Amino acid sequence: MDMILAAFLGAFTPSVMIYVAAGVFLGLAVGAVPGLSPAMAIALAVPLTYSLSPVASIGFLVGVYKGGSYGGSLSAILLNTPGAAEAAATTFDGYPLARQGKGMKAIKMSLVASVFGDVFSTLLLIAVAAPIAGLALKMGPSEMCALILFSLTLIAVLESGSLVKGILATSVGMLLSTVGMDPVSGTPRMTLGIFQLESGLRLIAVAIGTLALAELIIQSEDIDPGRNSSASMLEFSKKPEDNSLTFREILSHWRTLLRSVFIGSGVGALPGLGAAVAGFLAYGAARSASSHPETFGQGELDGVAAPESANNAVVGASLIPLFTLGIPGSVTAALLIGAFMLQGVTPGPLMFEQQPDMVYGIYGSLVVGNIMLLLIGYLGIRVFTRILGVPRVILMPCIMFICLVGSYLESPSVFSVGSMVALALLGYFMKKLKFSFVCFLVGFILGPMLELYVQQVVIGASGDYISVLCRPVTALVLLGTIVFVVVVMYRRMKKTSAGHAVGA
């Protein structure tokens, strides 16, 4: 117990706190710019963590995640343009409040709700991760194989609007993960005779190329050099009552905050749903539970508190499957796997058995991140809102340069940069054709794990595959996967046929 407490308190050392604060600041700055998501910020920040300890590294990146999740609400409230998809529901009431001169009040409500969601999900992670990891340690290769297949199916069905596109994006990610050396025979495969590919494609190059650089290329197609992103909403009201948020006002929204964090935590713990879904579900629940639902959409603080507390509750909850099973449920969680591997750590249930001091140190860094988000978010409101006034023609080249440098830092070679640019072209066409990046990246991450477990099942079965498939957990998970896909497909077909009937 003393070791656990010491590891937890180790996150409160000045060096770790500085790195976490830097992560929160970076996430806020990136998240405040429309079109730049927390996942993009993490992809750019991972190369900066090479020389850090695991606790400082993960704390820094989770700080980016927390700051970016909140930062998106700034542009959503002030410009009616969400910085990321998870802040889309915040625009419904945040922007009307800004038009009424209450933009500062809405931003403060967003900050309080975000911190509340973060704290709740962090405590949930600390409470349930160790017991779930204990159960995961009792699973064999067949159970883990079934769980990975279920996770891939769940993400492909829920994250993508089209089941075919979701499965195809997942398959492409898994196909690219096979580039390199065969884990059994040790022979090169899918390398096209290029010796640099024998070590496989780097996760950071894949993430930076498909997420960040591809998005910048798309945004650069629609840049108006004469248009500045600033707006009159960046000037706040001079009335104290329009800018202040009292403790009594916060307490009056406790039902909405509590309801929303439960929704966000549930959504975050399930792979594939995402923070945007949590925000819309919480907003709908708040409006349904309100005694005056007609005020929603006209400037209701509950309409800001609900989506922001929910989408930030996803942050900690999304780490539950990552820490306990080693299965990422979102793009950001997939990128954190890359950060763990850079530190020589494989996320999953063995962490709790082999490196408990590191796990509890990371828990401590999450708590530090919550504190830093509150302090930096409150003290830097006016600074971060000014970032919205920086022209994109200045921001885009700077971020593109960071993409190139980040790829080079991971593997100092021109080939690494070239592969990142090639992957950016793949990401560009995927975005144009509306393929899911969550499916693609999670497929790329889980592909090697699935291959390993399949090989272990094949070797252990000795030809008796029926007995392996009939193991209780394996059979139950596989049956649940089939039922889930059938039900979702039936509901989508029914919805489509109903839409055609209405159109006719």
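Residues numbered from 1 in each chain as written. Predicted model: local features only at pLDDT ≥ 70, side-chain atom pairs only at ≥ 80, totals over all residues. Heavy atoms only, no water.

How would you sum up the overall build of the protein? Please name residues and give values.
Scanning the protein from terminus to terminus reveals 24 helices and two strands. Split into buried and exposed, the 504 residues of the protein put 53% on the buried side. Partitioning the intrachain contacts of the protein with sequence separation of at least 6 by distance along the chain shows that 79% fall at a separation of at least 24. Carbon and sulfur atoms make up 69% of the accessible area of the protein, which totals about 21,500 Å². (Helix = DSSP H or I, 4+ residues; strand = E, 2+ residues; numbered from the N terminus. Buried < 20%, exposed > 50% of the residue type's maximum accessible area, 1.4 Å probe, protein only. Contact = heavy atoms within 4.5 Å. Areas by Shrake-Rupley, 256 points an atom, 1.4 Å probe, with all protein chains shown as cover.)

Go over the packing of aromatic side chains with me, naming the residues and quoting the values.
Tallied over the full model, the rule gives seven aromatic pairs. With a centroid separation of 5.1 Å and 70° between ring planes, the pair formed by phenylalanine 92 and tyrosine 283 is classed as edge-to-face. With phenylalanine 92 in helix H5 (residues 91-99) and tyrosine 283 in helix H13 (residues 274-289), this residue pair connects regions lying 191 residues apart in the sequence. Relative accessible area serves as the criterion here: at 35%, phenylalanine 92 is assigned to the partly exposed category. Ring centres of tyrosine 283 and phenylalanine 296 lie 5.7 Å apart, and the angle between their planes is 80°; on these two criteria the pair is classed as edge-to-face. One end of the pair, tyrosine 283, is in helix H13; the other, phenylalanine 296, is in the loop between H13 and helix H14 (302-317), and 13 residues separate them in sequence. An identical accessibility class is assigned to tyrosine 283 and phenylalanine 296; each is buried. (Phe/Tyr/Trp six-rings, centres within 6.5 Å; stacked < 30°, edge-to-face > 60°.)

Outline the packing of helix H4 (residues 54-79) against H14, supporting the account with residue identities and numerical values.
Close contact between H4 and H14 brings their axes to 9 Å; oriented N to C, the two are set at 155°. Of the possible angle classes, the one that applies to H4 and H14 is roughly antiparallel. Handedness of the H4/H14 crossing: right-handed. Across from Tyr65, Lys66, Ser69, Tyr70, Ser73 and Ile77 in H4, the residues of H14 making contact are Val304, Glu308, Asn311, Asn312, Val314 and Val315. (Axes fitted to C-alpha atoms, helices over the stretch in contact; angles between N-to-C directions. Parallel < 35°, antiparallel > 145°, perpendicular 65-115°, else oblique. Left-handed = near helix turned anticlockwise from the far one by under 90°.)

I'd like a description of the confidence of the model for the protein, backed by residues and values.
Summary statistics for the protein give a mean pLDDT of 77 and a share of 82% for residues scoring 70 or more. Scored below 50 in pLDDT, residues 225-233 makes 16 contacts in the model with residues more than four places away or belonging to other chains. (pLDDT = per-residue confidence, 0-100.)

Outline the nonpolar core, listing residues and values.
In this structure, Phe323, Phe340 and Tyr363 are the most contacted members of the largest nonpolar core, which totals 92 residues. In terms of residues, this core owes the most to one element, helix H22 (residues 437-461), which gives eleven residues. Of all hydrophobic cores here, the second largest spans 37 residues; its members include Leu111, Leu245, Val368 and Leu373. (Core = buried A, V, L, I, M, F, W, Y, C linked by side-chain atoms within 4.5 Å.)

Before we move on, could you go through a nonpolar patch on the surface and cite the residues and values that matter?
On the surface, Leu5, Leu9, Phe12, Ile371, Leu375, Tyr378 and Leu379 cluster together into a nonpolar patch covering about 700 Å² of accessible area. For the nonpolar patch, the elements supplying multiple residues, two or more each, are helix H1 (2-10) and helix H18 (356-379). With four residues, the top contributor of residues to the nonpolar patch is H18. By the element assignment, leucine 5 lies in helix H1. (Patch = residues over 30% accessible without salt bridge, like charges linked within 9 Å, V, L, I, M, F, W, Y side chains within 5 Å. Salt bridge = Lys/Arg side-chain N within 4 Å of Asp/Glu carboxyl O.)

Tell me about the environment of glutamate 198, and name the residues and values.
Positionally, glutamate 198 belongs in the loop between strand S2 (188-189) and helix H9 (203-220). Each C-alpha atom of the pair glutamate 198 and valine 179 lies 7.2 Å from the other, and the pair is 19 residues apart in sequence. Residues in contact with glutamate 198, not counting those within four places in the same chain, are Gly180, Met181, Pro188 and Thr191.

Before we move on, could you go through the environment of glutamine 456 and cite the residues and values that matter?
Position of glutamine 456 relative to the elements: it lies in helix H22. Distance from glutamine 456 to cysteine 145, taken between C-alpha atoms, is 9.6 Å for residues 311 residues apart in sequence.

I'd love a proper account of the side chain of glutamate 308, names of residues and values included.
With respect to the helices, strands and loops of the structure, glutamate 308 is situated in helix H14. There is no salt bridge for the buried glutamate 308, and the closest opposite charge comes from lysine 66, which lies 13 Å off by N-O distance. In this structure the side chain of glutamate 308 is engaged in a polar contact, spanning 3.4 Å, whose partner is the side chain of serine 110. (Lys, Arg positive; Asp, Glu negative; His and termini not counted. Polar contact = N/O pair within 3.5 Å; in protein donor to acceptor, adjacent residues only side chain to side chain.)

If you had to explain H14 to someone new, which residues and values would you point to?
For H14, which comprises 16 residues, the first-to-last C-alpha distance of 22 Å matches the rise-based estimate of 22 Å (1.5 Å per residue) to within 8%. The buried count for H14 comes to 16 of 16 residues, which makes it a mostly enclosed element. (Expected span 1.5 Å × (residues − 1).)

Which residues make up the packing of H4 against helix H16 (residues 331-342), and what values do they have?
The geometry of H4 relative to H16 is characterised by a closest axis approach of 10 Å and an angle of 160° between their N-to-C directions. Put simply, H4 runs roughly antiparallel to H16. Of the two elements, H4 crosses H16, and the hand of that crossing is right-handed. Only Thr332, Leu336, Ala339 and Phe340 of H16 make contact with H4, whose side of the interface consists of Ser57, Ile58, Leu61, Val62 and Tyr65. Its residues assigned to classes, the contact of H4 with H16 comprises seven nonpolar, two polar and no charged. (Nonpolar A, V, L, I, M, F, W, Y, C, P; charged D, E, K, R; others polar.)

Report on unusual backbone geometry, specifying residues and quantitative values.
You will see that methionine 190, though not glycine, has its phi angle at about 60°, which is positive. Residue lysine 434 is not a glycine yet carries a positive backbone phi of 65°. Locating lysine 434 in the fold gives a position in the loop between helix H21 (414-432) and H22. Lysine 434 sits in the exposed class, given a relative accessible area of 65%.

Describe the pattern of salt bridges, listing the residues and the values that go with them.
With the rule as written, the count across this model stands at three salt bridges. Note that glutamate 249 is salt-bridged to lysine 105, the shortest N-O span being 3.1 Å. Pair noted here: glutamate 249 is in helix H11 (residues 247-251) and lysine 105 is in helix H6 (residues 103-136), with a separation of 144 residues, a long-range link. Taking the relative accessible area as the measure of exposure, glutamate 249 reaches 25% and is therefore partly exposed. Residue glutamate 451 is joined to arginine 189 by a salt bridge in which the shortest nitrogen-to-oxygen separation is 2.8 Å. On the criterion of sequence distance, the pair formed by glutamate 451 in helix H22 and arginine 189 in strand S2 is long-range, its members being 262 residues apart.

Which residues make up the environment of alanine 205, and what are the values?
For alanine 205, the location among the structural elements is in helix H9. Taking the relative accessible area as the measure of exposure, alanine 205 reaches 2% and is therefore buried. Once the C-alpha coordinates of alanine 205 and proline 47 are considered, the two residues, 158 residues apart in sequence, prove to be 9.9 Å apart.

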